Structures are given as structure tokens and as C-alpha cells.
Amino acid sequence: MKRTRTGRRPYALLCVLVLLAATSASEAAAGDGPGPLGVTVAAPATARTVRVGALFDRPGGDLAGGHFCTASVVRSPHRDLVVTAAHCLAGRDAPYFAPGYRDGKAPYGMWKVERVFLPAGWREGQADDEDSDVAFAVLAGQGDGQEVEDVVGGNRFVTGSVTGAGVVTVTGYPDAAETPLACSNRPVARSATQQRIDCPDFAGGTSGSPWVNGSGDVVGVLGGHEQGGATADVSYSVVLGGGAGALYREAAADP
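Here goes a summary of the coordinates provided. (Residues numbered from 1 in each chain as written. Predicted model: local features only at pLDDT ≥ 70, side-chain atom pairs only at ≥ 80, totals over all residues. Heavy atoms only, no water.)

A look at the nonpolar core
Within soluble globular proteins, side chains that are nonpolar generally end up buried alongside one another.
Line of reasoning, step 1. Ranked by size, the top nonpolar core spans 21 residues in total, and within it L55, V82, F97, L139 and V148 carry the most contacts.
Line of reasoning, step 2. When residues of this core are traced back to their parent elements, those giving at least two are β3 (67-74), α3 (86-89), β6 (111-117), β7 (135-139) and α5 (148-152).
Line of reasoning, step 3. Excluding residues within four positions of it along the chain, V148 makes contact with V73, R79, D80, L81, F97, P99, W111, L139 and G153.
Line of reasoning, step 4. Counting 18 residues, the second-largest nonpolar core is a separate cluster that includes V83, V134, F157 and V218. (Core = buried A, V, L, I, M, F, W, Y, C linked by side-chain atoms within 4.5 Å. Buried < 20%, exposed > 50% of the residue type's maximum accessible area, 1.4 Å probe, protein only. Helix = DSSP H or I, 4+ residues; strand = E, 2+ residues; numbered from the N terminus. Contact = heavy atoms within 4.5 Å.)

Dropping the structure here:
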């Protein structure tokens, strides 16, 4: 998971102070597109943000405090696909995805992970392969013929974007929060294979958070270097290239 030097309780207090200080105008700007850059706020519930959800090890009961990573719905032919970080799914046994999760409730249902698609390095147990820290999961349907994308929609998964070509919005669920946080900023290159973004308070649990540009494209997934970052204020993503594209096509073609 994304590591942080901040404990759960101090982070929760800091988060409250940040949210109280943020204006409603800042919330709308950071959640819906470019606005005050580098400011983390509570993500408003919009058609875009409900495509982002939390991952759980259990399907129901008291959900509060039980999520461990973030994932988001991406468009696919079978309308059943989410993207997250590989380190979130490696070694996990059939977790559940709750899109639009807030305050202990899953308003759009709990969707069971049916199949996981990991890069080769992660399938072979190489958990330090930070340059391929992206994974996909096919979700089981709800039994009424609807798939997750039918319910909340999905963003396009796009590879080959130039790092820093535009502002992106990162949305995710810290372990110590029961509502998602969002922050907009311009990524910068860390290396040829890694990109970074400066956004405060993205602590453990935000691994897998999508980096979405102004066109609604996922151009990054929080993870990669240091499994997303050793502090809560700097986060990383793999530069999405040919390997990520091939893995997406494999997962999207799954019958």
C-alpha cells in the first residue's frame, strides 16, 4: 500500500482541518477539473467521482474503516472493468469494489472481483517491480443483467500521454477517511517510467487512485515508486505505456 510517515489519527485531524479550510468553490474546482492546484479537498459526489470507489475484503456489514485501496471503473466492451495498482490486488482473495463509497455506505452496490489481471512481474511474485504497478479486475455482475459501467459509467484508459501535458485530478480514499479526497495538479516526470504529483494528504489507502485529465481519461494510477509514495504529500504513478495498454486489452477482452 502507499506508505506514509503520518499515523492514522494525526492524519485524520489534519484532514479535518484541511477540509474546514477549503471553500466550496475550491471543492467544485478540484473535483470537477482544473482549479486551485495542489489543494486537497473532499471530493463532491458527481457523475465522475462515483466511478471511483474503495476496495474491501468483505462484501457487507459494517464497512466503515474496512477499505484498503482505491479503484475506478474504466470503459470496456463488457462494461465490467476497474483499474487499480498491482500491489493492491497481488495476493488478495476476491475483494469487493464499492463505487461512490461514502460514510460507511455503498450506494451503488458491492461488486465482487471475479478475475484479476496482473503484469507478469507481479504474477511471478516480484512485488518490487514498481515500473509495472498497474492492474485490472473484472467484476461479477449483480444478477439483473447490469454491469458496473452501466450503473456509474467509466473513464477511458489512455496510454502514451505526455507527462505534464495537462492538469489531472486525483481522487482516492485514505484509510482514515470515509469519503474520497480529490486534488488537481500538473504531474511532472520523475524518470522515463515514473511520474509524480504534489498533492497533500494522500495517505495509505489511496493506492490505485485514478489520475484523470480534463477529457475524462485515466492517464495515471497512484502507485509505482515506493508503492505510491513514502509520504502523504507526494504521490507517484507508472507512466502508462505499451505494457499497461497490453494488459488493458487482455482484461477488456475477457469474456
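Quick look at the packing of aromatic side chains
Line of reasoning, step 1. Scanning the entire structure with this criterion turns up 5 aromatic pairs.
Line of reasoning, step 2. An angle of 55° between the planes, with centres 6.0 Å apart, marks the rings of Y101 and Y173 as tilted. With Y101 in the loop between β5 (96-99) and β6 and Y173 in the loop between β9 (168-172) and β10 (181-185), this pair connects stretches of sequence that are 72 residues apart.
Line of reasoning, step 3. Judged by its relative accessible area of 0%, Y101 is buried.
Line of reasoning, step 4. Ring geometry for F136 versus F157: centroids 5.0 Å apart, planes at 80°, classification edge-to-face. Taken together, the positions of F136 in strand β7 and F157 in strand β8 (residues 156-157) put the pair 21 residues apart, joining distant regions of the chain.
Line of reasoning, step 5. With a relative accessible area of 0%, F136 lands in the buried category.
Line of reasoning, step 6. One aromatic cluster is present, built from ring pairs that chain together F56, Y101 and Y173.
Line of reasoning, step 7. Taking NZ or CZ as reference, R92 lies 3.6 Å from the ring centre of F68, over its face. (Phe/Tyr/Trp six-rings, centres within 6.5 Å; stacked < 30°, edge-to-face > 60°. Lys NZ or Arg CZ within 6 Å of the ring centre and 35° of its normal.)

Some thoughts on the sheet that holds strand β13 (residues 210-213)
Line of reasoning, step 1. Read from one edge of the open sheet, 6 strands run β1-β10-β9-β13-β14-β8, paired in mixed fashion. Whereas interior strands pair on both sides, the edge strands pair on one side only; in this sheet they are β1 (40-42) and β8.
Line of reasoning, step 2. By the bridge criterion, 5 bridges tie β9 to β10 in an arrangement that is antiparallel. Bridging across to β10, T171 finds its partner in A182. (Pairing = 2+ DSSP bridges.)

Examining the sheet that holds strand β11 (residues 188-189)
Line of reasoning, step 1. Read across the sheet, 3 strands follow the order β11-β12-β15 without closing on themselves; strand pairing throughout is antiparallel. Taken across any chain shown, the strands that pair with only one partner, and hence form the sheet edges, are β11 and β15 (234-238).
Line of reasoning, step 2. Sheet topology note: the strand β12 (residues 194-198)/β15 ladder contains 5 bridges and is antiparallel. Bridge assignment links Q195 to a residue of β15, and that residue is S237.

Describing the environment of V39
Line of reasoning, step 1. Here V39 is to be found in the loop between α2 (24-32) and β1.
Line of reasoning, step 2. The class of V39 is partly exposed, set by a relative accessible area of 31%.
Line of reasoning, step 3. Expressed as a C-alpha distance, the spacing of V39 and P200, which sit 161 residues apart in the sequence, is 7.0 Å.

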